[in-house]
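Structural overview
Next come the chains, spelled out residue by residue.
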Amino acid sequence: MKTRHRWIPLLVVAALAGVVAAAFAVYLMWEQAIAPTTPPSASSSDRELVRHGARVVALGDCAVCHTAKGGKPYAGGLALATPFGTIYTTNITPDPDTGIGTWSLEAFTRAMRRGISRDGHQLYPAFPYVHYTRMSDNDIAAAYAFLMERDPVSAKAPDNALIFPLNFRPLVAFWNVLFLREGPEAPDVSRDATWNRGRELVNGLGHCAACHTPLNPIGGEQWNKAFHGGVVDGWEAPPLNALASPPNPWTKPQLMAYLRTGISSHHGAAAGPMLPVTQELGTAPQEDVDAIATYLLSLQKPQARDLAQSDPAGADKASIQRGAVLFSAACAACHGDKSPMQSLGERPSLATSTAVHAATPRNTVQMMLEGVPWQGEQALHYMPPFAHTLNDRQVADIANYLRATYTNQPPWKDVVQAAADIRKGDQSR
Ligand code: HEC
Ligand code: HEC
Ligand code: HEC
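What comes next is a walk through the structure.

Attention shifts here to the packing of aromatic side chains. Each aromatic ring pair is specified by the distance between its two centres and by the angle formed by the two planes. Tallied over the entire structure, the rule returns 11 aromatic pairs. Centroid distance Trp-175 to Phe-179: 4.7 Å. Interplanar angle 45°. Geometry classified as tilted. On the criterion of helical spacing, the pair formed by Trp-175 and Phe-179 is a turn pair, its members being 4 residues apart in helix 7 (residues 172-179). We note that Trp-175, like Phe-179, is buried. Pairwise contacts between aromatic rings join Phe-127, Tyr-129 and Tyr-132 into one cluster. Cation over ring: Arg-150 sits above Phe-146, and NZ or CZ is 3.7 Å from the ring centre.

For the coordinates displayed, the defined rule picks out 16 salt bridges. A salt bridge links Arg-114 to Glu-31; its shortest N-O distance comes to 2.7 Å. Remark: Glu-31 occurs in the loop between helix 1 (2-29) and helix 2 (47-59) and Arg-114 occurs in helix 4 (residues 105-114); sequence separation between them is 83 residues. Residues Arg-113 and Asp-137 are paired through a salt bridge, measuring 2.6 Å at the closest nitrogen-oxygen approach.

Right, let's get into the coordination of the iron atom of ligand 2. Protein coordination of the iron atom of ligand 2 is provided by His-335 (NE2) and Met-383 (SD), with donor distances spanning 2.0 to 2.2 Å. Every donor counted, the 6 donor atoms about the iron atom of ligand 2 form angles of 86 to 179° at the centre, which fits octahedral coordination. Here His-335 is found in helix 14 (residues 332-335), whereas its partner Met-383 is found in the loop between helix 17 (362-370) and helix 18 (392-406), with 48 residues between them in sequence. Met-383 matches His-335 in its accessibility class, with the two residues each being buried.

Looking at ligand 2, there are 25 residues lining it, with Cys-331, Cys-334, His-335, Arg-347 and Met-383 nearest. Contacts to ligand 2 include Ala-269, whose backbone N or O atom sits 2.6 Å from an oxygen atom. The side chain of His-335 places a nitrogen or oxygen atom 2.7 Å from a nitrogen atom of ligand 2. Elements with a contribution of two residues or more to the shell around ligand 2: strand 7 (268-269), helix 14, helix 16 (354-357), helix 17 and helix 18. Of the residues assigned to the shell around ligand 2, the class counts are 18 nonpolar, 6 polar and 1 charged.

What follows deals with the packing of helix 2 against helix 6 (residues 137-148). With their axes 7 Å apart at the nearest point, helix 2 and helix 6 run at an angle of 100° to one another. Judged on the interaxial angle alone, helix 6 and helix 2 are roughly perpendicular. Packed against helix 2, whose contacting residues are Leu-49, Val-50, His-52, Gly-53, Ala-54, Val-56 and Val-57, the element helix 6 presents Asn-138, Asp-139, Ala-141, Ala-142, Ala-143, Ala-145, Phe-146 and Leu-147 at the interface. Of the residues assigned to the contact of helix 2 with helix 6, the class counts are 11 nonpolar, 3 polar and 1 charged.

This part covers the site of ligand 1. What surrounds ligand 1 is a group of 24 residues, the closest being Cys-62, Cys-65, His-66, Ser-117 and Arg-169. Taking His-66, its side chain carries an N or O atom lying 2.9 Å from a nitrogen atom of ligand 1. Here Ser-117 contributes a side-chain N or O atom positioned 2.6 Å from an oxygen atom of ligand 1. Going through the elements one at a time, helix 3 (62-65), strand 2 (85-88) and helix 4 are the ones with two or more residues in the shell around ligand 1. Tallied by class, the residues present in the shell around ligand 1 amount to 16 nonpolar, 6 polar and 2 charged.

Attention shifts here to the side chain of Ser-319. With respect to the helices and strands, the residue Ser-319 is situated in helix 13 (residues 317-330). Beyond its immediate sequence surroundings of up to four residues, Ser-319 is in contact with Ala-396, Asp-397 and Asn-400.

All right, on to the coordination of the iron atom of ligand 3 then. Here the iron atom of ligand 3 is held by His-212 (NE2) and Met-274 (SD), and the distances to it run 2.1 to 2.3 Å. One way to put it: the 6 donor atoms around the iron atom of ligand 3 meet at angles of 88 to 179°, and that makes the site octahedral. Pair noted here: His-212 is in helix 9 (residues 209-212) and Met-274 is in helix 11 (residues 274-281), with a separation of 62 residues, a long-range link. Residue His-212 is classed as buried on the basis of its relative accessible area of 9%. With relative accessibility at 21%, the residue Met-274 sits in the partly exposed group.

For helix 6, with 12 residues, the first-to-last C-alpha span of 17 Å sits near the 16 Å given by 1.5 Å per residue. The buried count for helix 6 comes to 10 of 12 residues, which makes it a mostly enclosed element. Contacts from the buried residues of helix 6 go to helix 2, helix 4 and helix 8 (193-205).

To continue, consider unusual backbone geometry. With the exception of glycine, most residues fall at negative phi, and the peptide bonds are largely trans. The step from Phe-164 to Pro-165 runs through a cis peptide bond, and the omega angle for that step is 5°. Inspection of the secondary structure puts Pro-165 in the loop between strand 3 (161-162) and helix 7. One non-glycine residue, Phe-227, lies in positive phi territory at about 65°. Within the secondary structure, Phe-227 sits in the loop between helix 9 and strand 4 (230-232). Assessed through its relative accessible area of 6%, Phe-227 is described here as buried. Within the chain, Asp-414 stands out as a residue other than glycine whose phi angle is a positive 50°. Its location among the elements puts Asp-414 in the loop between helix 18 and helix 19 (415-424). Its relative accessible area of 57% is what places Asp-414 among the exposed residues.

A few words on the side chain of Ser-339. By the element assignment, Ser-339 lies in the loop between helix 14 and helix 15 (340-343). A residue is classified by how much of its surface remains accessible, and Ser-339, at 4% relative accessible area, is buried. Only 2.6 Å separates the side chain of Ser-339 from the backbone oxygen of Cys-334, close enough to count as a polar contact. Excluding anything up to four places from it in sequence, Ser-339 contacts Ala-332, Ala-333 and Cys-334.

Thresholds, definitions, all that
Residues numbered from 1 in each chain as written. Chains lettered and ligands numbered in written order. Predicted model: local features only at pLDDT ≥ 70, side-chain atom pairs only at ≥ 80, totals over all residues. Heavy atoms only, no water. Phe/Tyr/Trp six-rings, centres within 6.5 Å; stacked < 30°, edge-to-face > 60°. Helix = DSSP H or I, 4+ residues; strand = E, 2+ residues; numbered from the N terminus. Buried < 20%, exposed > 50% of the residue type's maximum accessible area, 1.4 Å probe, protein only. Lys NZ or Arg CZ within 6 Å of the ring centre and 35° of its normal. Salt bridge = Lys/Arg side-chain N within 4 Å of Asp/Glu carboxyl O. Donors = N, O, S within 2.8 Å, 3.2 Å for Na, K, Ca; no water. Tetrahedral: all angles 85-135°; square planar, octahedral: opposite > 155°, others 65-115°. Near = heavy atom within 4 Å. Polar contact = N/O pair within 3.5 Å; in protein donor to acceptor, adjacent residues only side chain to side chain. Nonpolar A, V, L, I, M, F, W, Y, C, P; charged D, E, K, R; others polar. Axes fitted to C-alpha atoms, helices over the stretch in contact; angles between N-to-C directions. Parallel < 35°, antiparallel > 145°, perpendicular 65-115°, else oblique. Contact = heavy atoms within 4.5 Å. Expected span 1.5 Å × (residues − 1).

See the structure below:
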């Protein structure tokens, strides 16, 4: 009996600790609603602020995510595939019922800095508020003024399809404790204004790390591997901290040209998830893109890229030969040395392409499967998709041929399997 009683104080302490922990958890998860307001009238807003807001919203890619395929701009409804299920973007037009028409600037600022919706519910980090939190107050106010002047559209996003327990939104509060560092960064006084603007744009509004930094298993960025490269929508987002390394160093003018036009005569073209980013950056002022390039080039770590020399013994000669035949039939009309496209001069040769030099065949395979999408009359470049024409072995043969012919890098391994996996949407290799 006596020994049993000795446990009672311990149990009481444990129960109290449990209550305190539960109270703390509820405190973390609980957020107040911010009262609805009537949207500011168009005549009341400051024209200069609205114009600046258009730049901010373009640099932040808001329309890229908040517009469904064929849908109205900013009305949401685009499905984002995540390892945890599908999340739909919401309507950020000023519609009072289905959009953000009743949001005050205070509510909007809280969403951008902390990922909390007006009514107090936690937003999922597929909305990159962990980056937007670095925006200046002025940029947030400008984005708000601009969005409040869009045409209101009545559209409700479909319900998310997330795995248990992540379909319980309040859990995001715990994720935020780990991954959200709230607020703008103080300027680094040892650097000039261009560098500081570049850092704010890259880390904040441009959310470049969201794709170019590897994620951990719960979807947080691995800060100790910032800009080491990541995988997004089946494409590799190359490292941004090895841009100045051989075999193919980037210069600032090349970087600016790529960011503004999606194509660099020395490195290749954006065709995957980077394409819409460059389309938005194309509308940004020169000085903002200059700032981004300045900051990126300051991040370079020499020799971060693998400089291994090729080992011809490891190459699959039969595959390369089959690849050569396929290349001359399917690709050489455009990519052959004497093709009209190559003789234009401004076009990247496969000999300098990032995709063909990369450590994994992912983007070369994706390039063949998906091509460069047709962008209408203004199209700068187009490549047809070969997903239905070439099978996995043929894709691999051509990839092996390109690797052996246009680079002195070691051959990729298991490209047939890689092509099959990438076609199925595997993100892991
Ligand atoms: C990578 C895709 C992505 C980008 C880029 C993006 N958003 Fe979103 N945003 C989302 C998703 C997804 C949600 C919905 C999250 C949820 O329901 O939990 C969202 C939600 C929001 C919300 C909350 C709306 C509500 O009703 O609760 C606001 C406000 C918002 N975004 C504003 C913006 C602005 C402004 C920009 C540009 C600076 C932007 N977003 C860029 C994905 C994105
Ligand atoms: C109709 C012309 C056309 C054909 C055919 C074509 N391509 Fe392309 N390809 C392009 C264009 C345009 C680009 C974008 C770069 C540019 O504008 O020069 C590109 C880009 C690429 C890139 C990426 C270069 C980089 O890093 O951006 C690879 C790799 C590539 N093509 C491989 C192939 C292969 C392999 C085939 C045959 C299976 C093929 N292409 C067929 C037009 C073509
Ligand atoms: C939605 C994901 C995404 C975002 C956001 C993003 N990138 Fe990319 N980026 C990619 C992918 C994927 C590629 C590979 C090319 C492609 O998509 O066709 C790429 C390619 C690049 C390249 C070419 C690198 C090389 O070695 O060839 C540069 C430079 C670049 N991005 C810079 C940026 C900057 C600067 C930002 C922020 C303003 C940014 N990216 C934001 C996904 C992204």
